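Architecture at a glance
Listed below, chain by chain, are the residues.
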Amino acid sequence: MKIAILGYGVVGSAVAKALIENEKIIRARCGQNITPVIALARHKKDALIPITTNIDEILQREDIDVFVELMGGIEKPFEIVSQILKKKKPVVSANKAMLAYYRYELENLAKDLTFGYEASVGGGIPIIKALKEGLSANNILSIKGILNGTSNYILSAMNAKGIKFDDALKKAQELGYAEADPSFDIEGQDAAHKLLILASIAYGLRAKPEDILIEGIGNITSEDMYFAKEFDFVIKLLGIAKAKNSKVELRVHPTMINKDKMIAKVDGVMNAVSITGDLLGENLYYGAGAGGMTTASAVISDLIDIARNEFKSPMLGFRDDLQFELLAKDEIFTKYYLRLKVEDKVGVLSKIAKLMSENGISIDSFLQKPKQDEIHSTLFFTTHSTFEKDIQNLLLILQKQDFIKDKPFMMRIEE
Ligand SMILES: NC(=O)c1ccc[n+]([C@@H]2O[C@H](COP(=O)([O-])OP(=O)(O)OC[C@H]3O[C@@H](n4cnc5c(N)ncnc54)[C@H](OP(=O)(O)O)[C@@H]3O)[C@@H](O)[C@H]2O)c1
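Residues numbered from 1 in each chain as written. Predicted model: local features only at pLDDT ≥ 70, side-chain atom pairs only at ≥ 80, totals over all residues. Heavy atoms only, no water.

**Describing the sheet that holds strand β6 (residues 115–116)**
Under the convention used in this document: Pairing between strands is defined by DSSP: at least two bridges between the two strands are required. Runs of E in the DSSP output that reach at least two residues are strands. Runs of H or I that reach at least four are helices, and both are numbered from the N terminus. Throughout, a residue-residue contact means that at least one pair of heavy atoms, one from each residue, lies within 4.5 Å. Between N-to-C directions, angles cover 0 to 180 degrees, with each direction set by a line fitted to C-alpha atoms, over the stretch in contact for helices.
Here six strands make up an open sheet; going across it, the order is β3-β2-β1-β4-β5-β6 and the pairing parallel. Here the strands that pair on one side only, and so sit at the sheet edges, are β3 (51–52) and β6. As judged from the three bridges shared by strand β4 (residues 66–69) and strand β5 (residues 91–93), these two strands associate in the parallel manner. Counterpart to Val 68 in the pairing with β5 is Val 92. The strands that helix α1 (residues 10–21) touches are β1 (2–6) and β2 (35–40); relative to β1, the one it contacts most, it runs at about 155 degrees.

As structure tokens, this is what we get:
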């Protein structure tokens with residue numbers, strides 16, 4: 001089987017290398033050679049296989065059996081992959097951003113053709129196949145994932161070393177775990193793309209990134225870490241999907257979770273996805289979520305499935321006769337954590353408690369951090385479960401109070 005690799009960067013070059021190095025075991029597993037014959041890049045470079053900078057040179061070849069898209073971006077790869085599918089050739093891609101926007105369009109184009117995307121979520125963790133095949137008998141009650149290694153590294157470093165967000169980010173950049181522009185990772189977009197892919201397999205949800213609640217980790221402070229430790233929580237950027245009746249909530253945000261949960265113990269750049277099915281209960285899938293060889297492992301597993309003729313359509317594995325709907329953001333119902341920097345004077349606490357009760361929010365726990373200076377102190381609250389719209393309303397009201405200094409900060413709690 002001859003393949004063309006569109007994009008010869010971190011992952012593309014690793015795919016070529018792994019196909020060459022593991023040639024014998026791959027042939028033993030699928031009964032034929034999988035041979036990378038040409039790759040596309042923007043610039044000419046030394047490579048293990050011939051490189052072209054001209055996409056037409058690849059698209060015009062009749063001898064290519066499978067195209068592997070590893071360019072990144074959204075519109076350009078979508079345009080190229082669409083052309084390939086129209087020519088009735090199978091595609092493998094690791095491109096979660098393209099899939100977050102165009103997975104249903106691609107499924108329509110692919111029809112009975114193979115479109116493999118195992119590498120798009122969780123790097124090397126075989127989470128797509130787990131959800132699409134191994135767990136297919138279950139009603140998926142929830143998916144909770146640490147889906148972005150950069151954010152998890154930063155939060156783990158803040159927690160373990162007591163360092164500030166900016167210092168943890170700098171360290172991540174020095175170690176090559178964060179891009180020079182890390183916004184996509186730390187603002188939650190990357191995790192949201194992956195969550196949307198998983199939610200399509202589990203629920204057939206057609207939501208796009210702008211439809212769901214996405215918050216990043218940039219506002220987490222050492223004070224939040226202090227509170228979390230005091231109350232046996234850890235803070236993780238989680239992608240969460242939860243189904244109740246026919247409604248599914250999808251959200252990505254920093255989350256306080258009990259430190260005894262399996263997923264709370266996942267530190268550093270590692271990824272993990274916890275899936276709870278009605279039949280099987282909770283399963284945790286853990287492993288490296290990024291890196292050339294790690295991602296190549298998933299890309300090549302799709303190629304091996306194609307060589308074995310083991311792919312089944314439709315691409316997302318969800319047929320439309322069962323309808324799930326996206327739950328409106330306002331209707332999310334969960335527990336919340338609040339950090340409020342206040343003027344340290346008599347009566348402030350009771351005013352806050354009154355505002356909370358007027359908004360139907362009941363306090364679960366309270367902590368006051370020892371004073372930072374003469375006039376301010378920081379108050380921490382957790383609430384009993386309440387609606388997102390009520391907490392958002394409370395935040396707006398609090399922000400207008402003269403005794404509140406700095407913007408009030410809120411984080412959701414997951415049990
Ligand atoms: N890196 C990971 O750990 C990882 C993990 C999971 C999924 N992914 C996904 O895998 C894909 C590739 O990631 P990567 O890290 O390998 O990216 P990368 O290192 O930036 O490589 C991208 C490659 O595509 C080529 N390219 C980009 N745009 C092109 C264009 N318009 N025309 C021709 N060539 C073009 C680049 O050419 P030049 O070399 O000339 O610049 C480069 O060879 C992305 O969708 C990413 O989200 C990556």
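**A short note on the UniProt feature "binding site: NADP(+)" (unreviewed entry) in the chain**
To keep it simple, the criterion reads: UniProt positions are given in the numbering used here, feature names are shortened, and annotations may be inferred rather than shown by experiment. Identification of polar contacts relies on pairs of N or O atoms within 3.5 Å, with a donor-acceptor requirement for protein atoms, meaning one able to donate a hydrogen and the other able to accept it, and with residues adjacent in sequence counted only if both atoms are side-chain atoms.
Taking the numbering used here, the UniProt-annotated feature "binding site: NADP(+)" (unreviewed entry) corresponds to Leu 6, Gly 7, Tyr 8, Gly 9, Val 10, Val 11, Gly 12 and Ser 13. Within the secondary structure, Gly 7 sits in the loop between β1 and α1. Among the polar contacts made by the side chain of Ser 13, one reaches the main-chain carbonyl oxygen of Val 10 at a distance of 3.5 Å.

**Overview of the site of the ligand**
Here is the rule we go by: The rule for a residue being near a molecule or strand is that one of its heavy atoms must lie within 4 Å of it. Only the protein chains shown count as covering a residue, and every accessible area follows the Shrake-Rupley method with a 1.4 Å probe.
The full set close to the ligand counts 20 residues, and Tyr 8, Val 11, His 43, Lys 45 and Gly 291 are the nearest of them. The backbone of Val 11 places a nitrogen or oxygen atom 2.8 Å from an oxygen atom of the ligand. Contacts to the ligand include Gly 291, whose backbone N or O atom sits 2.6 Å from an oxygen atom. Across the complex, the protein chains shield 77% of the 900 Å² of accessible surface that the ligand would expose by itself.

**Some details on the side chain of Lys 236**
How we decide: Partly exposed describes any residue whose relative accessible area lies between the buried limit of under 20% and the exposed limit of over 50%, with all areas from a 1.4 Å probe on protein chains only and scaled to the type maximum.
Here Lys 236 shows up in strand β9 (residues 233–244). Residue class for Lys 236 comes out buried when judged on its relative accessible area of 2%. Looking at Lys 236, its side chain comes within polar contact range of the side chain of Asn 152, at 3.2 Å. At 3.0 Å, the side chain of Lys 236 forms a polar contact with the side chain of Asp 267. With residues near it in sequence (within four places) discarded, Lys 236 still touches Ile 146, Asn 152, Leu 155, Ser 156, His 253, Pro 254, Thr 255, Ile 257, Ile 263, Ala 264, Val 266 and Asp 267.

**Quick look at the pairing of strand β12 (residues 281–288)**
Sheet analysis places strand β11 (residues 270–277) next to β12, joined by eight bridges and oriented antiparallel. Residue pairing across strands places Val 273 opposite Tyr 285, the latter belonging to β12. The hairpin formed by β11 and β12 contains three residues between the paired strands.

**Overview of the packing of aromatic side chains**
How we decide: Within 6.5 Å between ring centres, the rings of Phe, Tyr and Trp (the latter by its six-membered ring) count as paired, and their orientation is classed by plane angle as stacked under 30 degrees, edge-to-face over 60, tilted in between.
Counted by the stated rule, this structure contains 12 aromatic pairs. When the ring of Phe 115 is compared with that of Tyr 117, the centres are 6.5 Å apart and the planes differ by 55 degrees; the resulting orientation is tilted. Summarising the burial analysis for this pair, Phe 115 and Tyr 117 share the class buried. Here Phe 333 and Phe 387 contribute two aromatic rings whose centre-to-centre distance is 4.8 Å and whose plane-to-plane angle is 50 degrees, an arrangement assigned as tilted. Here Phe 387 lies in strand β17 (residues 386–387) and Phe 333 lies in strand β14 (residues 333–343), a separation of 54 residues in the sequence. Among the aromatic side chains, those forming a connected cluster through ring pairs are Tyr 226, Phe 227, Phe 231, Tyr 337 and Phe 380.

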